[in-house]
Amino acid sequence: MNIAELFNHKKTLFSLEIFPPKKDSPYNVIYNSLLKMRGIPADFISVTYGAGGSRAQQDKTIEIASLILRTYHTEPVAHLTCVNADREQVLDTLQQFKANNVENIMVLRGDISPDCPPKSDFKYASDLAAFIKKNEPGFNLLGACYPERHYQAESMDRDIENLKIKINNGITHLITQLFFDNDKFYAFRDKAEKAGISVPVQAGIMPITNSRQIERTVALSGASVPTKLKRLFERYRGNEKALFDAGVHYAIEQIMDLIANDVRGIHLYTMNNVEIATRVSDAVQNIVEAENNPK
Ligand code: FAD
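Summarised in this report is the structure supplied together with it.

Let us look at the overall build of the chain. Across its full length, the chain carries eleven helices and eight strands. Rg of the C-alpha trace for the chain: 18 Å, near the compact-globule value of 19 Å for 295 residues, within the 12% margin. Structurally, the chain occupies a C-alpha span of about 50 × 50 × 45 Å along its principal axes. Split into buried and exposed, the 295 residues of the chain put 52% on the buried side. Separation of charge centres in the chain, based on 35 positive and 36 negative side chains, amounts to 2 Å.

Now for a nonpolar patch on the surface. Residues Tyr27, Tyr31 and Leu35 make up a contiguous nonpolar surface patch of about 230 Å² in total accessible area. The residue Tyr31 is located in helix H2 (residues 27-37) in this model. You can call Tyr31 partly exposed: its relative accessible area is 31%.

What follows is about the pairing of strand E3 (residues 75-81). Burial of E3 is extensive: seven of the seven residues sit out of reach of the surface. Inspection of the sheet shows strand E2 (residues 44-47) paired to E3 by four bridges, in the parallel sense. Across the sheet, residue Val47 finds its bridge partner in E3, namely Ala78. The β-α-β motif built from E2, the intervening helix H3 (residues 55-72) and the parallel element E3 has right-handed crossover chirality. Sheet topology places E3 next to strand E4 (residues 104-108); five bridges connect them, and they run parallel. Each bridged residue has a counterpart across the sheet, and for His79 the counterpart in E4 is Met106. Traced from E3 through helix H4 (residues 87-99) to E4, the parallel crossover comes out right-handed.

Procedures and definitions
Residues numbered from 1 in each chain as written. Predicted model: local features only at pLDDT ≥ 70, side-chain atom pairs only at ≥ 80, totals over all residues. Heavy atoms only, no water. Helix = DSSP H or I, 4+ residues; strand = E, 2+ residues; numbered from the N terminus. Rg over C-alpha atoms; globule rule 2.2 N^0.38 Å. Buried < 20%, exposed > 50% of the residue type's maximum accessible area, 1.4 Å probe, protein only. Lys, Arg positive; Asp, Glu negative; His and termini not counted. Charge placed at Lys NZ, Arg CZ, Asp CG, Glu CD. Patch = residues over 30% accessible without salt bridge, like charges linked within 9 Å, V, L, I, M, F, W, Y side chains within 5 Å. Areas by Shrake-Rupley, 256 points an atom, 1.4 Å probe, with all protein chains shown as cover. Salt bridge = Lys/Arg side-chain N within 4 Å of Asp/Glu carboxyl O. Pairing = 2+ DSSP bridges. Right-handed = clockwise from strand over helix to strand, strands pointing away.

As structure tokens, then:
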């Protein structure tokens, strides 16, 4: 199923993101997590792809996307990065997506790592989008966007201009980088709309549930941390159970506010954590349902 079509009859989507097992962790860990997440009514589940990872590791994205379709009966979205790939490799991966009935792809550049120099066939996600549309036009393509600007973009305006190229090259729907300050998202959405971007934008939300995660996530994502969230973390420092609850509640409040402000969807970065996925989903599912079926 082409998930872009869901927006024709749904106002607000709810989706999950998971990652394949790391090199040394057993496959049954993710399998068991998926089985436990089975009851969560998600419109789709996306599976990340390791830019610069080994072929065997990248194949796990396809395996898990296929597993989601076959056992979870939910539409998978397979992520695909291009910075370390050449055209042949991308064509090969597209064939594997087709063979596994994966119809939706999150088209990404990937981060440039000093350990894995970029190849020259694709410079930006927009190049990958154009290449897929030319060679395999049947796929539906999603793309990433950044409410607080991509770290390499010289300005928000320039980042949005670049985003338009990606959309012109075939992206039908955007998912944001995680953020903790909804006002940043609203400002970005307004700017994007004014610049002529009309594709649906789903908000990427990641509950921060332990103290190690906060520094790491902020450093990696560049997301600003509102005083309210900082205070929660200071207040419950050293009490992991309380921190967990505080992080989940903060994310739920963020989601409620986004839905009240007519966001087109919530994409939950689950970190493969069944409890986080279940608690957030349980808290908001009836609200999402009500938005999609108003009385
Ligand atoms: P692009 O859209 O190519 O943008 C990268 C930079 O180049 C931006 O600064 C942009 O402004 C600029 N730019 C774009 N086009 C042009 C142009 N034509 N001319 C000049 N400048 C241009 N990484 C993974 O490795 N695996 C994943 O599975 C993964 N999933 C992700 C999912 C989401 C929802 C998000 C938000 C990010 C994800 N990432 C993933 C991280 C992503 O790969 C990095 O953020 C990467 O640095 C940028 O990828 P992009 O596709 O947004 O790049």
